[in-house]
Structure formats: structure tokens, C-alpha cells
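The residues making up each chain are set out below.
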Amino acid sequence: MRDLVYYAAVTLDGFIAGPNGEFDAFPVVGDHVDEINRRFADTIPTDFAESLGIPQGNSMFDTVLMGWNTYAVGGMASPYRHLRQIVFSRTRTAAGENLEVTEGDPTEVVRRLKSEEGAAIWLCGGGRLAASLAPEIDRLVLKRYPLLFGEGIPLFGPRPYHPAQFEEVSTTVFGSGVVFSEYARRHEA
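Read on for an overview of the structure. (Residues numbered from 1 in each chain as written. Predicted model: local features only at pLDDT ≥ 70, side-chain atom pairs only at ≥ 80, totals over all residues. Heavy atoms only, no water.)

### Notes on the nonpolar core
What tends to happen in soluble globular proteins is that the nonpolar side chains get buried as a cluster.
Point 1. Grouped together as the largest cluster of nonpolar side chains are 24 residues, with contacts concentrated most on Tyr7, Phe40, Phe61, Val64, Met66, Tyr80 and Trp122.
Point 2. Every element with two or more residues in this core is listed here: β1 (4-11), β3 (61-67), α3 (68-73), β6 (120-125) and β7 (139-145).
Point 3. Formed by 20 residues, the second largest nonpolar core is a distinct cluster that contains Ala8, Ile121, Leu140 and Leu155. (Core = buried A, V, L, I, M, F, W, Y, C linked by side-chain atoms within 4.5 Å. Buried < 20%, exposed > 50% of the residue type's maximum accessible area, 1.4 Å probe, protein only. Helix = DSSP H or I, 4+ residues; strand = E, 2+ residues; numbered from the N terminus.)

Dropping the structure here:
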């Protein structure tokens, strides 16, 4: 069974973007960047990876899930064309290479995807989609940046109170102040 992995950049105060989807305050230089390029190459937009000569082999992910606002903020028709891209929207449509826009229930879509063969499924964002899929998330990979936004799009949007425990798999602290932490869902016996 494939894992659903919520891999996201987050500020110390819990935001993945500014109030209007801004993400330019997250530093794109520093000693953490090599780790992203090495381990998470599949999460770099295809055109950027090609221009930097970074190979993308779908070794970690072969599918990416996005809410409409996360998809639209990039301004590209097919930002991750090396992956199967699924965008959730009830009101909008788009066309692009390896791109599917669906009105489908995110939980049903994820359960279907998990039953298929393939690599892990990357939940790219946003916070509302993450909240709706919280019970389906198998792993969290958080890049915590030493930033405070004060306001913005939270890592998880509002959701009912339902505690779920995760276990730390690894944490790496970089000289840039960025901290990568990976957690796996704890399944009760």
C-alpha cells in the first residue's frame, strides 16, 4: 500500500504561505537546499529541476495532490509534469500534461490511489486539503523555517478534534536554521 506523505515548508508559527499564498519569504539558499535537491528532487517543479540539472526519477513520489489555490499560486499549467498531478476543485478547471482536476471527494481519491501500485503520494497543500485528509496521512515531512508570518495559510485548516499520534523518524538541523523533521503515523495494535 502506498503512503500519503504531507511534505511541506512551514514557519515557526505554523503557516505554509502568507495570507494571499505568498511563499517567497522561505529561503531558497542555504545548506538545507542540497538535501532538498538530493532527497526530495521529485518535489521541485519540473522546469526548475531541468534548468538546474537535477534528475527527477519519481524515486520517492509519483503523484502529487494539490488544492486549487496551491496549484494556482505557481502560475504554471503543469508545474510537476514529471508526476501525476491531481488538483481538487469544485468550481475550476485546467489542462496540462499529466494534470487532472477533480471534484471528487479527497478521501475517496486518496484511498483509491493508495490501493494502486506505485511510489508514495505527495500531499503538496494547502491547509484545507490537508485538514480533510488528516486521517489518511501516513507520514509528515516538515521543513521548519526560522520565520514568523503572523498570519497566513496554516499547515492544517480547521478540522474536528481528533487526536492522532505520530512518531519521530528523523530530525536534521541545518546551519541555515531550517529543521527537517519526519514523522510516521502511530498505528494502534
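Additional details are given in the paragraphs that follow.
### Observations concerning the environment of phenylalanine 40
Point 1. One can find phenylalanine 40 in the loop between α1 (32-39) and α2 (46-52).
Point 2. Measuring from C-alpha to C-alpha, the distance between phenylalanine 40 and aspartate 105 comes to 27 Å, with 65 residues separating the pair along the chain.

### Description of unusual backbone geometry
Point 1. Of the consecutive residues glycine 125 and glycine 126, the connecting peptide bond is found in the cis state with omega at 10°.
Point 2. As for its position among the elements, glycine 126 is in the loop between β6 and α5 (127-133).
Point 3. Phi at asparagine 98 takes a positive value of approximately 60°, unusual for a residue other than glycine.
Point 4. Tracing the chain through its elements places asparagine 98 in the loop between β4 (84-88) and β5 (99-102).

### Topic: α1
Point 1. For α1, the full list of buried residues reads His32, Val33, Glu35 and Ile36. Projected down its long axis, α1 carries its buried residues within an arc of 160°, all on one side. Within α1, the exposed residues directed more than 90 degrees away from the buried face are Asp34 and Arg38.
Point 2. In this structure, the buried residues of α1 make contact with β1, β7 and β10 (179-185). (Arc of directions from axis to C-beta. Contact = heavy atoms within 4.5 Å.)

### Notes on the packing of aromatic side chains
Point 1. Taken as a whole and assessed by the stated rule, the structure comprises 10 aromatic pairs.
Point 2. Ring geometry for tyrosine 7 versus tryptophan 122: centroids 6.1 Å apart, planes at 65°, classification edge-to-face. Taken together, the residues span a long stretch of sequence, with tyrosine 7 in strand β1 and tryptophan 122 in strand β6 at a distance of 115 residues.
Point 3. Accessibility expressed as a relative area gives 3% for tryptophan 122, which makes it buried.
Point 4. On the numbers, 5.0 Å between centres and 65° between planes, the contact of phenylalanine 26 with tyrosine 145 is edge-to-face. Highlighted residues: phenylalanine 26 in the loop between β2 (15-17) and α1 and tyrosine 145 in strand β7, separated in sequence by 119 residues.
Point 5. Members of the aromatic cluster, joined through ring pairs, are Tyr7, Phe40, Phe61, Tyr80, Trp122, Phe174 and Phe180. (Phe/Tyr/Trp six-rings, centres within 6.5 Å; stacked < 30°, edge-to-face > 60°.)

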